[in-house]
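One letter stands for each residue in the lines below.
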Amino acid sequence: MSEGDESGDPTDGGTDLTADGDVDGSGGAAADEGDRFTPADRVDAVPPSGIRAFFEVAESREDVISLGVGEPDFTAPWPARSAAIESLERGRTSYTANRGKPKLRREIARHVRRYDLEYDPDEEVLVTTGASEAVDLAFRALVDPGDVVALPTPTYVSYEPGVTFAGGEPLAVPTYHEDDWSLTPEALLAAGADEADVLVLCYPNNPTGATMSRAELSAVADFCREYDLVVVSDEIYAALTYGDEHVSIATLPGMRERTVVVNGFSKAYAMTGLRLGYALAPPTASAAMTKVHQYAMLSAPTTAQHAAVAALRRCEDDVREMRREYDRRRRYLTTRLRELGLAVAEPRGAFYAFPRVAEVAPDGDDEAFAETLLEETGVAAVPGGAFGDGGAGHLRLSYATGMDELKEATRRLETFLAER
Amino acid sequence: MDDETRALLDALVADARESTEDIARQTGLPADEVDARLDDLEAAGVLRGYTAVVDWDRAEADRVAAIVEVNVELDRETAYEEIARRIAESPTVDSLRLVSGDYDFALDVSADTMQAVSRFVAEEVAPLPAVTRTVTHYVMETYKERGVVFDDRDEDDRLSVTP
């Protein structure tokens, strides 16, 4: 770690923004300051995230309404918080089993049956420090140097760096607004994913809000079986779908044995800061991931595991309430965006809308558009290109913010667009 | 109840001043359909009124609130409904509920002065033939009312932009 990493950077350590890789964005700054460190090539190879610049500008202003936040605006439900507190009061502060508390693994195995997923809590469930760690473990445990990992874009910003850190070769597979951001076998083939070893799915999707139907997933599953790809399926937003029920690709014929399912507590239970996720995988993959986990992390935070047991047992009503509120905001935001003349594919999951701004942005540049929007109106949104080339020309707007803020933000956006 | 109607009611409970257009955006219904459903819900007695949640302390207005427990003894001629109808007539009563447990009716009452509340209990409730006992609890502080927490909200300490 360079000295720059320790200089009070607000993103240091506590947030997924560290996926930016080069935390201060200056690349060779460390050398100028005289320390002897040179980042490893695979770390140096990862460019700063497009989100980084926005973070700095947005944080420097007082009047920002942020639609750029990828986490719930709700607090973790009280039973979960209470269980965490109680665990501390009772002195539950030691490591747990590497795989996680047996009680929690049993609860997870019970919980995921709602998605028709059956996993053995002793050999196929691994509790991790956030879903992010589960994804990272999957890459590090399953990807050999030079292995090709297909990443449908736009998608969550951490996958590509994670693949690079693991020594793999990321392969972008564009998905399109016109297809409602759904992944197709044709897109996979066109991008050369038939030569890939791993496919990463994220549905419901950050940043597009897209989900995949059973039929759409079946076509992708056929492709994976035909060309022998394994799948890392990040289903962290599974509980937040509007209309259609979530379908896991692992439930499709022949897919369970080649899929790692990732999920966690951050989104559905508003427990982002408690950093707790899990991976479901057949014994070989699960054992390999557990091996990496036990040397790197030993075990997920014990306090958070107690909270998670309570979340699974006692917080379903809270999840339902939060989902209903997100749904109300989702309808409002997408309707307003369309009224403002922006094309937006119907978001059917997560808490993002991903409108196209290419037609109203200078030179179709989403980053310049988002910058000007932030400067002139104080509305922070994330440029779509930050989520891979497939997202260029779009903005990610999060509706994990209050209705009053959504109304004000869209009002400012309306004025802004009228002046273009 | 369908999802759209439920969303319509959620929107109004969150903000009774919500405009028809904004309700339409939140529910996915056309604006004229929202108006029609509001009319139906009012006619059916589902929507009973639209009120504000006021923090009277912050408004620096004289306002005394109390919770009054009322025990009654029924006889052949007197039912709960008749007693309730009699008590509900008073404008001092904000809400009146028949409850299970140690007493029969729970009243939320409010008035400009403590004397007015006391007079209401002493002169309008206690003398009713069926009433056997009243217990008045004056409200000392309101922390939450109808879902609205009465404090300065915690700052949103989430980062402005995250992945």
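In this text the structure is predicted, and so the values were computed from the model without any measurement. (Residues numbered from 1 in each chain as written. Chains lettered and ligands numbered in written order. Predicted model: local features only at pLDDT ≥ 70, side-chain atom pairs only at ≥ 80, totals over all residues. Heavy atoms only, no water.)

## Considerations on the UniProt feature "domain: HTH asnC-type" (unreviewed entry) in chain B
- Here the UniProt-annotated "domain: HTH asnC-type" (unreviewed entry) positions come out as residues 1-81 of chain B.
- As annotated, residues 1-81 of chain B has a helix share of 43% and a strand share of 11%, and its two end C-alpha atoms lie 28 Å apart. (UniProt positions renumbered as here; feature names shortened; annotations may be inferred. Helix = DSSP H or I, 4+ residues; strand = E, 2+ residues; numbered from the N terminus.)

## Focus on helix 1 (residues 3-14) of chain B
- With 12 residues, helix 1 of chain B ought to run about 16 Å at 1.5 Å a step, and its terminal C-alpha atoms sit 16 Å apart, in line with that.
- Buried residues of helix 1 of chain B: Thr5, Ala7, Leu8, Leu9, Asp10, Ala11 and Leu12 of chain B, and no others.
- Packed against the buried residues of helix 1 of chain B are helix 12 (316-339) of chain A together with helix 2 (20-27) and helix 3 (31-43) of chain B. (Expected span 1.5 Å × (residues − 1). Buried < 20%, exposed > 50% of the residue type's maximum accessible area, 1.4 Å probe, protein only. Contact = heavy atoms within 4.5 Å.)

## What about the pattern of salt bridges?
- One pass over the structure, following the stated rule, counts 40 salt bridges over all chains.
- The partner of arginine 256 of chain A in a salt bridge is glutamate 124 of chain A, with the nearest N and O atoms 2.7 Å apart. Of this pair, arginine 256 of chain A sits in the loop between strand 6 (230-234) and strand 7 (259-264) while glutamate 124 of chain A sits in the loop between helix 5 (102-111) and strand 2 (125-128); the two residues are 132 residues apart in sequence, bridging distant segments of the chain.
- Taking relative accessible area as the criterion, arginine 256 of chain A reaches 27% and is therefore assigned partly exposed.
- A single network of salt bridges, built from pairs that share partners, joins Arg336, Glu339, Lys407 and Glu414 of chain A together with Glu18, Asp22 and Arg25 of chain B. (Salt bridge = Lys/Arg side-chain N within 4 Å of Asp/Glu carboxyl O.)

## A few points about the domain arrangement of chain A
Residues and elements named next belong to chain A.
- If you check the domain split of chain A, you get domain 1 (3-75 + 317-418) and domain 2 (78-314).
- Between the C-alpha centres of domain 1 and domain 2 there is a distance of 23 Å.
- Each partner contributes to the interface: domain 1 provides 40 residues, whereas domain 2 provides 38 residues.
- For the domain 1 and domain 2 pair, buried surface summed over both sides reaches about 3300 Å², with 59% attributable to carbon and sulfur atoms.
- Across the salt bridge formed by arginine 356 and glutamate 178, the nearest N and O atoms sit 3.0 Å from each other.
- For the pair domain 1 and domain 2, the interface holds 17 residue pairs in polar contact (both at pLDDT 80 or more). (Domains from an automatic or database assignment. Buried area = accessible area lost by both parts, 1.4 Å probe. Polar contact = N/O pair within 3.5 Å; in protein donor to acceptor, adjacent residues only side chain to side chain.)

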